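Descriptive analysis of the structure
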Amino acid sequence: MADQLDPTRCRVKVGKELFTRSGPAVLEALHGRGFEVFLDLKFHDIPNTVASAVQAAAEQGVWMVNVHAGGGRKMMQAAAERLQTQRLQTHLIAVTVLTSMSAEDLDEVGVAASPAEQVERLARLAQDSGMEGVVCSAQEAKALNACCGKGFLKVTPGIRPSFAAANDQQRIMTPGAAMQAGSTHLVVGRPVTEASDPMAALAAIEAELAER
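Residues numbered from 1 in each chain as written. Predicted model: local features only at pLDDT ≥ 70, side-chain atom pairs only at ≥ 80, totals over all residues. Heavy atoms only, no water.

1. A look at the overall build of the protein
Across its full length, the protein carries 10 helices and 7 strands. Here the protein has a C-alpha radius of gyration of 17 Å; the compact-globule value for 212 residues is 17 Å, and the two agree. Along the first, second and third principal axes, the C-alpha set of the protein runs to 45 × 40 × 30 Å. Looking at the protein as a whole, 47% of its 212 residues are labelled buried. In the protein, once contacts between residues fewer than 6 apart in sequence are set aside, the share between residues at least 24 apart is 68%. Element-wise, carbon and sulfur atoms account for 49% of the exposed surface of the protein, whose accessible area totals about 10,500 Å². Of the side chains in the protein, 20 bear a positive and 24 a negative charge, and the two mean positions are spaced by 5 Å. (Helix = DSSP H or I, 4+ residues; strand = E, 2+ residues; numbered from the N terminus. Rg over C-alpha atoms; globule rule 2.2 N^0.38 Å. Buried < 20%, exposed > 50% of the residue type's maximum accessible area, 1.4 Å probe, protein only. Contact = heavy atoms within 4.5 Å. Areas by Shrake-Rupley, 256 points an atom, 1.4 Å probe, with all protein chains shown as cover. Lys, Arg positive; Asp, Glu negative; His and termini not counted. Charge placed at Lys NZ, Arg CZ, Asp CG, Glu CD.)

Below is the structure:
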């Protein structure tokens, strides 16, 4: 799939399944093809462990890496401070509420807030803790622009172009609508990865964005 995509027109995301199967070798292979890589492992552990994991990712040259904001202030601060002290330039962002989670799902794990309220709470905490941005639904991007500013990165999965199915994502939006809402980076998975021609799917998404 990577060989069918143009690294000047997109970045690629390496998630848990691919990294667990292939490890750092997949990062080397993608970097060798000219791609900037978002290492999407959502670290969530004690502060020193997460800081060391973030450092290890950054030392492998990834463009972006993420942690779970639910790990708390000390964990996020430790990760941000590690990158700063080691003078590593990798973008560090935090996951707020997974796009597969509904209000009922949050309630089952003891969170009484709505997804939107919990996203805003965690985004404020992430910003205060030194994160450059968050992973959030495009539906929350507008509110996060208001509370965290336009310069705060809003990396939004759950992007489904007009030709794609919703699958298991609960809070989805088209590419154009997401950018208009305030998303700074769009994460598009299955509409591209499961396409018979990934580059044609990417071009169709670019065309949708050009029409907005």
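2. Focus on the UniProt feature "active site" (unreviewed entry) in the protein
Per the UniProt record, "active site" (unreviewed entry) is found at Lys42. Its place among the elements puts Lys42 in strand β2 (residues 37–43). The residues touching Lys42, leaving out its near neighbours within four places in the chain, are Lys16, Asn66, Val67, His68, Val95 and Leu98. (UniProt positions renumbered as here; feature names shortened; annotations may be inferred.)

3. Some remarks on the pairing of strand β3 (residues 64–68)
Of all 5 residues making up β3, 5 are buried, and the element is well covered by its neighbours. A two-sided burial pattern is seen for β3, the buried positions comprising Met64, Asn66 and His68 on one face and Val65 and Val67 on the other. Bridge analysis of β2 against β3 gives 3 bridges, and the strand direction is parallel. Following the sheet pairing, Leu39 is matched in β3 by Val65. With respect to chirality, the unit in which β2 leads through helix α3 (residues 47–59) into the neighbouring parallel β3 is right-handed. (Pairing = 2+ DSSP bridges. Right-handed = clockwise from strand over helix to strand, strands pointing away.)

4. Comments concerning the environment of Glu17
Topologically, Glu17 is positioned in helix α1 (residues 16–22). Distance from Glu17 to Leu88, taken between C-alpha atoms, is 26 Å for residues 71 residues apart in sequence.

5. As for the packing of aromatic side chains
The tally for this structure, following the rule as stated, stands at 0 aromatic pairs. Against the face of Trp63 rests Arg11, its NZ or CZ located 4.0 Å from the ring centre. (Phe/Tyr/Trp six-rings, centres within 6.5 Å; stacked < 30°, edge-to-face > 60°. Lys NZ or Arg CZ within 6 Å of the ring centre and 35° of its normal.)

6. What about the sheet that holds β2?
Taken together, 7 strands build an open sheet; the order of strands is β1-β2-β3-β4-β5-β6-β7 and the sheet is parallel. Each of the sheet's edge strands pairs with one partner strand only, and the pair in question is β1 (12–14) and β7 (185–186). Where strand β4 (residues 91–95) lies against strand β5 (residues 133–135), 3 bridges are found, and the strand directions are parallel. In the sheet register, Ala94 faces β5, and the bridge partner there is Val134.

7. Re the packing of helix α4 (residues 73–85) against helix α6 (residues 115–128)
Where α4 contacts α6, the axes come no closer than 9 Å and their chain directions differ by 40°. Between α4 and α6, the angle is such that the two are oblique. Here α4 and α6 pass one another in a crossing that is right-handed. Across the interface between the two elements, Arg73, Met76 and Gln77 of α4 pack against Leu125, Ala126 and Asp128 of α6. For the contact of α4 with α6, a count of residues per class yields 3 nonpolar, 1 polar and 2 charged. (Axes fitted to C-alpha atoms, helices over the stretch in contact; angles between N-to-C directions. Parallel < 35°, antiparallel > 145°, perpendicular 65-115°, else oblique. Left-handed = near helix turned anticlockwise from the far one by under 90°. Nonpolar A, V, L, I, M, F, W, Y, C, P; charged D, E, K, R; others polar.)

8. Structural notes on the layout of surface pockets
Here the idea is plain: a probe the size of a water molecule rolls over the atoms and shows the empty space left. Reported here for the largest pocket is a volume of approximately 1,600 Å³. Contributing to the lining of the largest pocket are 49 residues, with Val12, Lys13, Val187, Val188 and Gly189 lying nearest its centre. If you list the elements that add at least two residues to the lining of the largest pocket, you get β1, α1, α2 (24–32), β2, β7, α9 (190–193) and α10 (198–211). The element that contributes the greatest number of residues to the lining of the largest pocket is α10, accounting for 4 residues. The residue makeup of the lining of the largest pocket, split by class, is 26 nonpolar, 10 polar and 13 charged. By volume, the second largest pocket amounts to about 160 Å³. What lines the second largest pocket is a set of 13 residues, and nearest its centre among them are His68, Gly70, Thr96, Gln118 and Leu122. Across the lining of the second largest pocket, the residue classes break down as 8 nonpolar, 5 polar and no charged. (1 Å grid on protein atoms, 1.4 Å probe; cavity = no way out; pocket = protein on both sides within 12 Å on 5 of 7 lines; lining within 4 Å. Points joined across faces, edges and corners; volume = space filled by probe spheres on them.)

9. Structural notes on the side chain of Lys154
Residue placement: Lys154 occurs in strand β6 (residues 153–156). Buried charge without a salt bridge: Lys154, with Glu132 as the nearest opposite-charge side chain at an N-O distance of 12 Å. A distance of 2.8 Å separates the side chain of Lys154 from the side chain of Asn145, its partner in a polar contact. In this structure Lys154 touches Val134, Cys136, Ala141, Leu144, Asn145, Gly149, Gly182, Ser183, Thr184 and His185, once residues within four positions along its chain are discounted. (Salt bridge = Lys/Arg side-chain N within 4 Å of Asp/Glu carboxyl O. Polar contact = N/O pair within 3.5 Å; in protein donor to acceptor, adjacent residues only side chain to side chain.)

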